[in-house]
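# Structural characterization, general
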Amino acid sequence: MGINFTVNDSNAKGGINKGQNDDNINKSEVTSDMEGELIKSIYVNCISENYNGIDAIIDKKYTRDDIIKDKKERECRRRWLIKDYLAPLLSMKVNYPGICKNNCVSFRIMKIFCKLVIDEFKNRIMYKDLQVTSEGPILTLVINGDVCNIKRKVIGIEENHILGKYIDIEVYNSDGTKINRKNLGFKPKKCYMCDNELLDCINDKRHNVDEMKQCIKDELEKYLKNNEFKN
């Protein structure tokens, strides 16, 4: 399977009015170019050199309905892959708040963890793919191995990496059962804004979305500065 992209055609629909702020347009184009290069870099380095995607991703205004729809489609695809390979499946996405999840921050985080996760399982990967939907960038791996060991390894990545709290790695057994932290005796994942359980904060909407975005951005910038020659 190739990489999936969604392109915004808002400029084609409405055009650009005379007198519109050219600086804002240029900044938007630069941002889209950066996003396109980031996702291309992830795909070529981690998935396949045969990159058939779109070089520049232009932001689309997604809705909550889009996210619900894409999540259901991902679940159907997950069931199909597990049935086809009869092996554990790993799904990784970025815990980025809000509706617009495709941006340089989420792509940079995905780039860091795609390499870590793929290097961790190396020759045991039976299938790998990267998609970009309204849910953000999503890595899918089918792995030949013990599902509990796979889950323990990804929990280690989430717990030990300074940016691990900003990713969500799900692992499913060959019968489609999701392996939770609780199944292996681990505590639930904590919120990156406080010490409460992450799911409780998400369900109760306890934190301001803009503050959460700024928190992720600040932590990423700090990490990149300290690891300038590694990434």
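Rules and cut-offs
- Residues numbered from 1 in each chain as written.
- Predicted model: local features only at pLDDT ≥ 70, side-chain atom pairs only at ≥ 80, totals over all residues.
- Heavy atoms only, no water.
- Phe/Tyr/Trp six-rings, centres within 6.5 Å; stacked < 30°, edge-to-face > 60°.
- Helix = DSSP H or I, 4+ residues; strand = E, 2+ residues; numbered from the N terminus.
- Buried < 20%, exposed > 50% of the residue type's maximum accessible area, 1.4 Å probe, protein only.
- Core = buried A, V, L, I, M, F, W, Y, C linked by side-chain atoms within 4.5 Å.
- Axes fitted to C-alpha atoms, helices over the stretch in contact; angles between N-to-C directions.
- Parallel < 35°, antiparallel > 145°, perpendicular 65-115°, else oblique.
- Left-handed = near helix turned anticlockwise from the far one by under 90°.
- Contact = heavy atoms within 4.5 Å.
- Nonpolar A, V, L, I, M, F, W, Y, C, P; charged D, E, K, R; others polar.

### Considerations on the packing of aromatic side chains
Scanning the entire structure with this criterion turns up 2 aromatic pairs. When the ring of Y85 is compared with that of Y127, the centres are 5.7 Å apart and the planes differ by 50°; the resulting orientation is tilted. With Y85 in helix α3 (residues 64-85) and Y127 in strand β2 (residues 125-133), the pair connects residues that are 42 residues apart, well separated along the chain. Taking relative accessible area as the criterion, Y85 reaches 27% and is therefore assigned partly exposed. Taken together, a centroid distance of 4.8 Å and an interplanar angle of 65° make the contact between Y166 and Y192 edge-to-face. Highlighted residues: Y166 in the loop between α5 (147-160) and β4 (167-172) and Y192 in the loop between β4 and α6 (198-204), separated in sequence by 26 residues.

### Observations concerning the nonpolar core
In terms of nonpolar packing, the biggest core is built from 43 residues, with L90, M92, I109, V117, L130 and L139 touching the most fellow members. Among the secondary structure elements, those contributing two or more residues to this core are α2 (22-47), β1 (89-94), α4 (104-121), β2, β3 (136-143), α5, β4 and α7 (209-226). By size, the runner-up hydrophobic cluster in this structure holds 7 residues, among which are L81, A87, Y127 and Y172.

### Comments concerning the packing of α4 against α7
At a minimum axis distance of 10 Å, the contact between α4 and α7 shows a crossing angle of 50°. The orientation of α4 relative to α7 falls into the category oblique. Here the hand of the crossing between α4 and α7 comes out left-handed. Seen from α4, the contacting residues are V105, R108, I109 and I112; seen from α7, they are I216, K217, L220, Y223 and L224. Tallied by class, the residues present in the contact of α4 with α7 amount to 7 nonpolar, no polar and 2 charged.

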